[in-house]
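Each chain is listed here by its residues.
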Amino acid sequence: MSVQYKFPTGFWWGSATSATQIEGAANEGGKGLNIWDHWYKTEPNRFFDNVGPESTSNFYHLYKEDIRLMKEIGHNTFRMSISWSRLIPTGRGKVNAEAVQFYNNVIDELIANDIEPFVTLYHFDMPLELQEEGGWENREVVEAYTDYAKECFRLFGDRVQKWFTFNEPIVPVEGGYLYDFHYPNVVDARRAVQVAYHTMIAHAQAVRAYRTFSFEEGQIGIVLNLTPSYPRSENPADLQASNRADLFFNRSFLDPSVLGEYPAELIDILREHDQLPVTEQGDSKLLKEGIVDLLGVNYYQPRRVKAKEHLPNTDGPFMPDWFFDNYEMPGRKMNKYRGWEIYEKGIYDIMMNLKENYGNVESFIAENGMGVEDESRFIVDGEVQDDYRIEFIGGHLKWLHKAIEEQCNVRGFHMWSFMDNWSWMNAYKNRYGFISVDIETQKRTPKKSAHWIKTVSENNGF
Ligand code: BGP
């Protein structure tokens, strides 16, 4: 079949998800508690419809059926995460044999179906015991993470060739230490900066550890949510606001991951406001060793900013928002269910930035997707007619294709997500899957987009 947008041979077509969001079985198979289990127990009212992480989409029991469906819709790759508190229930020490069995089964089943497993080590899910020791604020937790990472490489590295130390490491910083949407619900920028810094140190230690194993073809990287900043205008004040937002929300992780060092401008701002983290000797060298082989890019929305309308209240807590205001661009296209702007060209801008300023690092789109509420409205003959999702993906793929034509080094496209899953505080409010999941019966039913993506994958284009 002739297609208008043809992708390079071997392009990765797949999707991503994370342990807490699909496994369920949170109290089965010897799993320990993580911060989500704990937070839900103490404040169930913070979660949409009071739905918690205990059973989510039941992948723990239904993984075979799910992998069969992945195969059916043309996946050749799939990113999952390992639950640290399932593998090592208290965060350090004894490995849980049932968890090893489960992850071995999943990895083997994927490979048997010609789907390459991509594995994330940490997707927002700190073991509770380690959070009680201070979580990422405590440098000893970095050591525990490094041991956990090594254990994963040792157990699964013979078959898994794509590893990611962290998924969106800035999100637990923002959610847990600035804006109150993750446990431990702290509002304190200095602690946020320390958490961010230790996350990068943990990343670099895991990368260094991985490279001491001699796996022939393995690659290790990180997955970052890049949210390009667009200024309201070319006015220097707007440009500066956009530059600052970019420093805080993109370059804070992108620069150390790809260039091995923090942007000097960011360090200057933090120094000026007395927010620098505690560091140790040897850290700069370590960060250099953490330069990634492969960068996963999650893209959902742009960030539009303008110069501040009013001076910040400097008696209040220090915030990145002291340097810019969010800007609501007239006429912007919105996904109103999630409150996120849809701006397809953003995916191209990110790739051009990586090409021009980050050595054209090898990358792939690790997440892109559209969460929609109450999709049962769109059911015809038993199938969700999610034309909006097809339009959303197609719109982004066209821009990605243009980036590839302009020599951007991008290897694949993964959607969020394969099936409907549990979304942190939003629980099952917005549905993201190619496959719908009835949360009462756990029945899986492909949506219209599932058939569409199958043809895209089969034709390597559309
Ligand atoms: C990303 C996360 C995912 C996923 C997705 C959708 O930030 O990596 O875990 O949840 O966003 O966002 P949400 O679930 O908040 O709607």
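It should be noted that the structure appears before, not after, this text.
Within any chain, residue numbers begin from 1 and follow the written order of that chain's sequence. Since the coordinates come from a predicted model, pLDDT governs what is reported: local features require at least 70, and pairs of side-chain atoms require 80 or more to be given and counted, while whole-chain, interface and lining totals use all residues. The side-chain numbers reported here are obtained from all heavy atoms of the structure, hydrogens and water having been left aside.

> Go over the overall build of the protein with me, naming the residues and quoting the values.
Comment: elements are numbered from the N terminus, with helices defined as DSSP H or I runs of at least four residues and strands as E runs of at least two. The helix and strand inventory of the protein stands at 15 helices and 19 strands. The quantity called the radius of gyration is restricted to C-alpha atoms. Its globule counterpart is 2.2 Å times the number of residues to the power 0.38. For a compact globule of 462 residues, the expected C-alpha radius of gyration is about 23 Å, and the protein comes in at 21 Å, within 12% of that figure. Reported as C-alpha extents along the three principal axes, the dimensions of the protein are approximately 60 × 55 × 45 Å. The buried label applies to any residue whose accessible area, calculated with a 1.4 Å probe on protein chains only, is under 20% of its type's maximum; exposed applies above 50%, and partly exposed to all values in between. Here the protein holds 462 residues, and the buried ones make up 60% of them. Sequence separation of at least 24 residues holds for 77% of the intrachain contacts in the protein that already meet a minimum separation of 6. Only carbon and sulfur atoms are counted for the fraction: they give 48% of the accessible area of the protein, which is about 18400 Å². The positive count covers Lys and Arg only, the negative count covers Asp and Glu only, and His and the chain ends enter neither. Lys charges are placed at NZ, Arg charges at CZ, Asp charges at CG and Glu charges at CD. Taken as two groups, the 48 positive and 68 negative side-chain charges of the protein have centres that lie 2 Å from each other. Here, residues are in contact when the closest pair of their heavy atoms is within 4.5 Å. Only the protein chains shown count as cover for residues, and all accessible areas are computed by the Shrake-Rupley method using a 1.4 Å probe.

> Any chance you could break down the site of the ligand for me, citing the residues and the numbers?
For the ligand, the full set of nearby residues is Q21, H123, N167, E168, Y300, R338, W340, E367, W416, S423, W424 and Y432. In protein, a polar contact means a hydrogen-donor-capable atom and an acceptor-capable atom, both N or O and within 3.5 Å, with residues adjacent in sequence counting only if both atoms are side-chain atoms; elsewhere, any N or O pair within 3.5 Å suffices. A distance of 2.7 Å separates an oxygen atom of the ligand from a polar side-chain atom of R338. At a separation of 3.0 Å, an oxygen atom of the ligand approaches a polar side-chain atom of W424. Here the ligand has 370 Å² of accessible area as a free molecule, and 92% of this is covered by the chains. We call a residue near a molecule or strand whenever a single non-hydrogen atom of that residue lies within 4 Å of it.

> Residue-level account of the pattern of salt bridges, with values.
Salt bridge criterion: a side-chain nitrogen from Lys or Arg within 4 Å of a carboxyl oxygen from Asp or Glu. On inspection of all chains with the given rule, the structure shows 42 salt bridges. D158 is paired through a salt bridge with R159; the nearest N and O atoms lie 3.0 Å apart. Looking at D158, the relative accessible area reads 54%, which means it is exposed. For R159, a relative accessible area of 23% puts it in the partly exposed group. When the shortest N-O distance is used, the salt bridge between R304 and E341 registers 2.8 Å. Residue R304 is located in strand β8 (residues 303-306), and its partner E341 is located in strand β11 (residues 340-341); the two are separated by 37 residues in the primary sequence. Several salt bridges converge on common partners, so that one network encompasses E375, D386, R389, D420, R431 and K447.

> Describe the nonpolar core, listing the residues and the values that go with them.
If you look at the biggest cluster of nonpolar residues, it comprises 131 residues, and the most contacted ones within it are L87, W136, F156 and W163. Per-element tally for this core: the top contributor is helix α9 (residues 189-212), with 13 residues. Not counting residues up to four positions away in its chain, the partners in contact with W136 are W84, Y122, M126, V141, V142, Y145, F166, Q194, V195, H198, T199 and A202. Among buried residues, those of type Ala, Val, Leu, Ile, Met, Phe, Trp, Tyr and Cys that are joined through side-chain atoms within 4.5 Å constitute a nonpolar core. One finds W12, F164, L294 and A366 within the second-largest nonpolar core, a separate group that totals seven residues.

> Any chance you could break down the pairing of β8 for me, citing the residues and the numbers?
Side chains of β8 alternate between two faces, with R303 and V305 and R304 and K306 buried alike. Note: β8 against strand β9 (residues 325-326), two bridges, orientation antiparallel. Each residue of the ladder has a partner; that of K306, found in β9, is D325. When DSSP finds two or more bridges between two strands, those strands count as paired.

> Explain the pairing of strand β2 (residues 77-81) residue by residue, including any values.
Summarising burial for β2: five of the five residues are buried, a large majority. Burial along β2 is two-sided: the residues T77, R79 and S81 and F78 and M80 are all buried. Two strands pair when backbone bridges link them, and strand β1 (residues 12-16) and β2 are joined in this way by three bridges, in the parallel orientation. Across the sheet, residue A16 finds its bridge partner in β2, namely R79. Pairing of β2 with strand β3 (residues 116-120) involves five bridges; the strand directions are parallel. In the strand pairing of β3, T77 is matched with E116.

> Give a detailed account of the environment of I201, specifying residues and quantitative values.
Topologically, I201 is positioned in helix α9. Sequence separation between I201 and L286 is 85 residues; the distance between their C-alpha atoms is 7.4 Å. With residues up to four places along the chain from it excluded, the contact list for I201 reads R139, V142, D283, L286 and L287.

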